[in-house]
Amino acid sequence: MITARGLTKRYGDTTAVAAVDFAVRPGSVTGFLGPNGAGKSTTMRMILGLDRPTAGTVTVNGRAYQDHPAPLHEVGALLEAKAIHGGRTAYNHLLWLAKSNGIPRRRVDEVIGMVGLDNVARKRSGGFSLGMGQRLGIAAALLGDPGVLLFDEPVNGLDPEGIRWIRTLIRSLAAEGRTVFVSSHLMSEMALTADHLLVIGRGQILADTDMNDFIARNSSAYVHVRSPHGTQLAHQLATRGWRVEPAEDGALAVYGTSAEQVGDVAGSNGLHVHELRSVHASLEEAFMRLTADSVDYHAGVPELPDVAITTDFHANRTPAGV
Ligand SMILES: Nc1ncnc2c1ncn2[C@@H]1O[C@H](COP(=O)(O)OP(=O)(O)OP(=O)(O)O)[C@@H](O)[C@H]1O
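Residues numbered from 1 in each chain as written. Predicted model: local features only at pLDDT ≥ 70, side-chain atom pairs only at ≥ 80, totals over all residues. Heavy atoms only, no water.

To continue, consider the sheet that holds strand β5 (residues 75–78). Read from one edge of the open sheet, 6 strands run β5-β6-β7-β3-β8-β9, paired in mixed fashion. Since the sheet does not close on itself, it has two edges, and those belong to β5 and β9 (204–210), each with one partner. On average, adjacent strands in this sheet sit at an angle of 15° to one another, irrespective of strand direction. Bridge analysis of strand β3 (residues 29–33) against strand β7 (residues 179–183) gives 4 bridges, and the strand direction is parallel. What sits directly across from F32, in β7, is S183. Those strands touched by helix α5 (residues 130–142) are β5 and β6 (148–152), and its axis lies near 170° from that of β5. (Pairing = 2+ DSSP bridges. Helix = DSSP H or I, 4+ residues; strand = E, 2+ residues; numbered from the N terminus. Axes fitted to C-alpha atoms, helices over the stretch in contact; angles between N-to-C directions. Contact = heavy atoms within 4.5 Å.)

For the structure on display, the rule yields 12 salt bridges. A salt bridge links E275 to R277; its shortest N-O distance comes to 3.1 Å. On the basis of relative accessible area, E275 is assigned to the partly exposed category, the value being 24%. One network of salt bridges, with partners in common, ties together R107, E110, D145, E176 and R178. (Salt bridge = Lys/Arg side-chain N within 4 Å of Asp/Glu carboxyl O. Buried < 20%, exposed > 50% of the residue type's maximum accessible area, 1.4 Å probe, protein only.)

Reading fine detail from the predicted coordinates is not recommended where pLDDT is low. Averaged over all residues, the pLDDT of the protein chain is 86; the fraction at 70 or higher stands at 89%. Residue range residues 299–322 is modelled with pLDDT below 50. Its contacts to residues more than four positions away, or to other chains, number 44 contacts. (pLDDT = per-residue confidence, 0-100.)

I138, F151 and L283 are the most contacted members of the largest nonpolar core, which has 51 residues in total. Sort the elements by how many residues they give to this core and helix α6 (residues 160–175) lands first, with 7 residues. With residues near it in sequence (within four places) discarded, L283 still touches L33, M187, M190, A191, L197, M211, F214 and I215. With 23 residues, the next largest nonpolar core counts A16, L48, V58 and Y65 among its residues. (Core = buried A, V, L, I, M, F, W, Y, C linked by side-chain atoms within 4.5 Å.)

What follows is about the pairing of β6. Among the 5 residues of β6, 5 are classified as buried, and the element is accordingly described as predominantly covered. With 4 bridges joining them, β5 and β6 adopt parallel strand pairing. Residue pairing for β6: V75 is matched across the bridge by V148. Pairing analysis gives 5 bridges linking β6 to β7, with the strands arranged parallel. Of the residues in β7, the one forming a bridge with L149 is V180. In terms of handedness, the path from β6 via α6 over to β7 forms a crossover that is right-handed. (Right-handed = clockwise from strand over helix to strand, strands pointing away.)

This next bit is on the packing of helix α3 (residues 90–99) against α5. Two elements in contact, α3 and α5, have axes separated by 10 Å at closest approach and are oriented at 25°. Looking at the two axes, α3 sits roughly parallel to α5. The crossing of α3 and α5 is right-handed. Across the interface between the two elements, A90, H93, L94 and L97 of α3 pack against L136, A139 and A140 of α5. (Parallel < 35°, antiparallel > 145°, perpendicular 65-115°, else oblique. Left-handed = near helix turned anticlockwise from the far one by under 90°.)

The next subject is the sheet that holds strand β1 (residues 2–11). The strand order β2-β1-β4 describes an open sheet built from 3 strands, whose pairing is antiparallel. With one partner strand each, in any of the chains shown, β2 (14–24) and β4 (55–60) form the two edges of the open sheet. The mean angle between the axes of side-by-side strands here comes to 20°, regardless of whether they run parallel or antiparallel. Note: β1 against β4, 5 bridges, orientation antiparallel. Residue pairing for β4: A4 is matched across the bridge by V58.

The full set close to the ligand counts 13 residues, and G37, G39, K40, S41 and T42 are the nearest of them. One of the backbone nitrogen or oxygen atoms of A38 is found 3.1 Å away from an oxygen atom of the ligand. T42 is positioned with one of its side-chain polar atoms (N or O) 2.5 Å from an oxygen atom of the ligand. If the ligand stood free it would expose 630 Å²; the protein chains cover 61% of that surface. Contributions of two or more residues to the shell around the ligand are made by β2 and α1 (40–47). Top element by residues in the shell around the ligand is α1. It accounts for 4 residues. Its residues assigned to classes, the shell around the ligand shows 4 nonpolar, 7 polar and 2 charged. (Near = heavy atom within 4 Å. Polar contact = N/O pair within 3.5 Å; in protein donor to acceptor, adjacent residues only side chain to side chain. Areas by Shrake-Rupley, 256 points an atom, 1.4 Å probe, with all protein chains shown as cover. Nonpolar A, V, L, I, M, F, W, Y, C, P; charged D, E, K, R; others polar.)

So, on to the side chain of T30. As for its placement among the helices and strands, T30 is situated in strand β3. Residue class for T30 comes out buried when judged on its relative accessible area of 3%. Contacts of T30, omitting those with residues within four sequence positions, involve V24, R25, V180, F181, V182, A194, H196 and L198.

In structure tokens, the structure reads:
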């Protein structure tokens, strides 16, 4: 369990983390999301005792990282790929870490097997690919068999096979009852990996919630329908109290109903339909809505609107494309 209380970090005039309170619980994967510069890495560094809080505390299993007599047995972390001595073999790198932390040699063989580096363990890590370096970093994090694991952007730069492997590993570590805290920019990946979410923006916690609740509350599913009688259909749908908005290429986005009901309305009014499907909410959409005000640099993207009910298809194309 990781517990932060009033955790604050200031760098000069910049408040990177602003008096945050949160708990990361065992037995599930907690995703840590936030726009660039939100304070994710600073928070992770403070958990690991690499940065000292300006105020407040953060503990791992009840103690600050530096107060644990054998921290490698408490917390394992993957912060940056390839942050190792490239001249050493993977095996020697892990052996050196193990020896300096009182961990037996057989555990080195075990973790090499767990991350699938058996064939290259005796090779110098300087020649490793990004994926192999990432596996070696994970082997080091697992060396002390810790109950708490931190992964900062673990899938950065990995190919699909590597991404799938890390996802499976992270989920199995949580299933074993460990506390797993993962940051990532890849929303689709986070949606597949995490059970719980902590969203940070400008150093403040914006959401601390179950993944499915987060998506349901911060985004909206809708029905996508395309008809050669768009204007008439939109009118019929709007009179039933459903919100109708113009979508790409003359299609309609209909909120607050189901594809079946939209199809029935079209059918009962003799209106042809060329396309009809339910569009499910995504974590990405939910994240963009929640953090729209917390992003430091917008790349010319308009704010997401508080969209009103409209049946005017020519005047009001929304920036979200729906
Ligand atoms: N050593 C430092 N000195 C000064 N400012 C810093 C330092 N480290 C971080 N910051 C600032 O603190 C804020 C939070 O940065 P941090 O790296 O924690 O964000 P992040 O969420 O990890 O971002 P990213 O996703 O871009 O890695 C930013 O404004 C950053 O510029």
